Amino acid sequence: MDAFRVLPGVGPKTAQRMAMHLLERERPGGQRLAAVIQQAIEEVGYCQRCRTLTEADICMLCESLRRDDALLCVVESPADQLAIEEAGGFKGRYFVLHGHLSPLDGIGPESIGLDLLEARVAEGLVEEVVLATNPTIEGEATAHYIASQLAEYGVKLSRLAYGVPMGGELEYVDGGTLSRAFNGRLPFASE
Amino acid sequence: MAPEPAFLLHRRPYRETSALVDLLTLDHGRVRAVAHGGQRPGSKSRQRLQPFTPLFVTWQGSRDLKRLTLMESRGQTALLAGEGLLCGLYANEIATRLLPLELPASDVFAFYTALLEALPAPAERALALRRYEWALLEALEATPQFTTPEGSVLDPQLRYRFDAATRAFSPAERGLDGRTLRYIEQGDWQHEGLANALKAVMRAALAPHLGSTVLRSRELMLDLARRRHRP
């Protein structure tokens, strides 16, 4: 039961329920689960090009011939990458940092693979780097650092825009987002 | 307790959905508290609990670790970017490293507030940082004495080095000249030519309190400066 508690959102009660369920009703399922976890932990590593999670040396997105090598999107986590993929529309490649710069936690540029990112840009294929780190203080600091780091390579740098959520109501949008959305307003063209 | 003005200095995950926060408060100095639910994805309080956002907070508990009971924003988050943002992180890092928990430091709070207002403007940054560092030194009762270790007045013609043990300046071959140090003592810090000397004095005075661990935010800034000046 204790073993289940490594999972997020699982307390002692839930862990007990899970263990009982597997032992009393779902033994084959439990066996499959154990095997899959075992296999995943052993085989899933980081992609050598973009650092995302993958079973292969190079992930599918990096291997794909249909993606645009000139566009590189820098994200903090594989989950962010998935979110952008699911949203669709982005056809470039990714680079996953697995974190952000956080001086107070002792996390510096070397811990989030920024040397690898620099080497990637130095190859010369990339024309635009999209800094899609989170809109938090640390994400912002990371974007700033990367921008300064890549300045000498003459690539175009862009940052995700701040905006009002779709279907949202201005009344309930927090002040910081609203003021940034205001500063970044776009010309309105009606057809 | 009445809501107290505060700023978040640092936050790290605690248990599953809570956060352990270091706050700089108006009347109680640095306070460490648990913000329940402060780490839950998408939670309002997580969004609000960002550094550089002016907050109102209340807490419970008499031990070192408090429990946050209320947290409201009381104004605009400073719009920091680039270099200004790194300076802000530096300010947070030295406060977290230097201020003992609950040592009253209202001046530090005041100069921190002023610093956040100054950081977006590059020309005002350095001076605001120095005043903030000085306030920290005052709170620690560690401000430099502008005399020699024996207590005599500094000679404008000589050069001096800061001596951590006596918090005074002992004559040295290379170092800051006595005239500059006397200007600094008089508090006329706006003078353009003093910027580098002020920085050196603050760094020397802060160093013994920081110990041997490097300041990561300063390292980041140095790293970027080195890149910029690389041929």
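No experiment lies behind these values; they were computed from the predicted model shown.

### Examining the overall build of chain B
Alright, step 1. Regarding its fold elements, chain B presents seven helices and eight strands.
Alright, step 2. The C-alpha radius of gyration of chain B comes to 19 Å, within 12% of the 17 Å expected for a compact globule of 231 residues.
Alright, step 3. Dimensions of chain B, computed from C-alpha atoms along their principal axes, come out at roughly 60 × 45 × 30 Å.
Alright, step 4. Sequence-distant contacts, at least 24 apart, represent 55% of the contacts inside chain B between residues at least 6 apart.
Alright, step 5. Within the structure as shown, chain B displays about 11700 Å² of accessible surface, and the carbon and sulfur contribution to it stands at 49%.

### Here's the deal with the pairing of strand β1 (residues 4–14) of chain B
All names here are of chain B.
Alright, step 1. Judged by how many residues are buried, β1 sits mostly within the fold: eight of eleven residues are covered.
Alright, step 2. The sheet contact formed by β1 and strand β2 (residues 18–25) spans eight bridges and is antiparallel. When the sheet's bridge partners are listed, F7 is paired in β2 with L24.

### Some details on empty space enclosed by the protein
Alright, step 1. All chains considered together, the criterion is met by one cavity of 30 Å³ or more.
Alright, step 2. Volume-wise, the largest cavity comes out at about 40 Å³.
Alright, step 3. Here the lining of the largest cavity is built from residues that sort into two nonpolar, no polar and four charged.

### Notes on the pairing of strand β3 (residues 68–75) of chain A
All names here are of chain A.
Alright, step 1. Judged from the five bridges that link them, β3 and strand β4 (residues 92–96) form a sheet pairing that is parallel. Bridge pairing in β4 places V75 opposite V96.
Alright, step 2. Taken together, β3, helix α4 (residues 78–87) and β4 form a β-α-β motif whose crossover is right-handed.
Alright, step 3. In this structure, β3 lies alongside strand β5 (residues 128–131), joined through four bridges in parallel fashion. Across the sheet, residue L71 finds its bridge partner in β5, namely E128.

### Digging into the confidence of the model for chain B
All names here are of chain B.
Alright, step 1. Averaged over every residue, the pLDDT of chain B is 88; residues scoring 70 or more account for 99%.
Alright, step 2. The element-level mean pLDDT for chain B is lowest in helix α1 (residues 44–48), coming to 74, with helix α3 (residues 106–118) highest at 95.
Alright, step 3. In the predicted assembly, ipTM is 0.81 and pTM is 0.86.

### Let's talk about helix α5 (residues 114–122) of chain A
Alright, step 1. Taken residue by residue, α5 of chain A has L114, L117, E118, R120 and V121 of chain A as its buried positions. Buried residues of α5 of chain A, viewed axially, fall in a sector of 160°; they line one side.
Alright, step 2. Summarising the contacts, the buried residues of α5 of chain A are in contact with β3, β4, β5 and α6 (137–150) of chain A together with α7 (216–228) of chain B.
Alright, step 3. Downstream of α5 of chain A by one or two residues, G124 of chain A has phi in the positive range, about 100°.

### Side note on the packing of aromatic side chains
Residue and element names in this part refer to chain B.
Alright, step 1. Counted according to the given criterion, the structure contains eight aromatic pairs over all chains.
Alright, step 2. Taking 5.5 Å as the distance between ring centres and 85° as the angle between the ring planes, the aromatic pair formed by W134 and W189 counts as edge-to-face. With W134 in helix α4 (residues 122–139) and W189 in the loop between α5 (178–186) and α6 (195–210), this pair connects stretches of sequence that are 55 residues apart.
Alright, step 3. Geometrically, the ring pair formed by F162 and F169 is edge-to-face, given 5.5 Å between the ring centres and 65° between the ring planes. The pair F162 / F169 is uniform in exposure class, with both members buried.
Alright, step 4. An aromatic cluster is built from W134, F146, F162, F169 and W189, whose rings are joined through pairwise contacts.
Alright, step 5. Sitting over the face of the ring of F56, R74 holds its NZ or CZ atom 5.9 Å from the ring centroid.

### Some remarks on the layout of surface pockets
Residues and elements named next belong to chain B.
Alright, step 1. There is about 830 Å³ of room inside the second largest pocket.
Alright, step 2. Lining the second largest pocket are 33 residues, and of these R125, A126, L129, R130 and K199 lie nearest its centre.
Alright, step 3. At eleven residues, α4 tops the list of elements feeding residues into the lining of the second largest pocket.
Alright, step 4. Among the residues making up the lining of the second largest pocket, the classes are represented as 18 nonpolar, four polar and eleven charged.

### Overview of the sheet that holds strand β6 (residues 159–163) of chain B
Residues and elements named next belong to chain B.
Alright, step 1. Across the sheet, which stays open at both edges, the three strands sit in the order β7-β6-β8 with antiparallel pairing between neighbours. In this open sheet, the two edge strands, each paired with only one partner strand, are β7 (168–171) and β8 (176–177).
Alright, step 2. Of the strand pairs in this sheet, β6 and β8 are connected by two bridges, and their pairing is antiparallel. Bridge pairing in β8 links Y160 to L176.

### Remarks on the interface of chain A and chain B
Accessible area lost during the coming together of the parts is what is often quoted as the interface size.
Alright, step 1. The partner chain B presents 27 residues to the 29 residues of chain A that form the contact.
Alright, step 2. Here chain A and chain B share an interface that buries about 2200 Å² over both sides, 59% of which is from carbon and sulfur atoms.
Alright, step 3. By the criterion of area lost to chain B, the three top residues of chain A are P103, L104 and I137 of chain A, representing 31% of everything that side buries.
Alright, step 4. Inspection of the region where chain A meets chain B yields three salt bridges.
Alright, step 5. We note a salt bridge from E118 of chain A to R227 of chain B, for which the minimum N-O separation is 2.9 Å.
Alright, step 6. Counting across the chain A and chain B interface gives five residue pairs in polar contact (both at pLDDT 80 or more).
Alright, step 7. Elements that contribute at least two residues to the side of chain A that touches chain B include exactly α6 and α7 (175–183) of chain A.
Alright, step 8. Looking at the side of chain A that touches chain B element by element, the count peaks at seven residues for α6 of chain A.
Alright, step 9. Here the side of chain A that touches chain B is composed, by residue class, of twelve nonpolar, ten polar and seven charged.

So, how was this worked out
- Residues numbered from 1 in each chain as written.
- Chains lettered and ligands numbered in written order.
- Predicted model: local features only at pLDDT ≥ 70, side-chain atom pairs only at ≥ 80, totals over all residues.
- Heavy atoms only, no water.
- Helix = DSSP H or I, 4+ residues; strand = E, 2+ residues; numbered from the N terminus.
- Rg over C-alpha atoms; globule rule 2.2 N^0.38 Å.
- Contact = heavy atoms within 4.5 Å.
- Areas by Shrake-Rupley, 256 points an atom, 1.4 Å probe, with all protein chains shown as cover.
- Buried < 20%, exposed > 50% of the residue type's maximum accessible area, 1.4 Å probe, protein only.
- Pairing = 2+ DSSP bridges.
- 1 Å grid on protein atoms, 1.4 Å probe; cavity = no way out; pocket = protein on both sides within 12 Å on 5 of 7 lines; lining within 4 Å.
- Points joined across faces, edges and corners; volume = space filled by probe spheres on them.
- Nonpolar A, V, L, I, M, F, W, Y, C, P; charged D, E, K, R; others polar.
- Right-handed = clockwise from strand over helix to strand, strands pointing away.
- pLDDT = per-residue confidence, 0-100.
- Arc of directions from axis to C-beta.
- Phe/Tyr/Trp six-rings, centres within 6.5 Å; stacked < 30°, edge-to-face > 60°.
- Lys NZ or Arg CZ within 6 Å of the ring centre and 35° of its normal.
- Buried area = accessible area lost by both parts, 1.4 Å probe.
- Salt bridge = Lys/Arg side-chain N within 4 Å of Asp/Glu carboxyl O.
- Polar contact = N/O pair within 3.5 Å; in protein donor to acceptor, adjacent residues only side chain to side chain.

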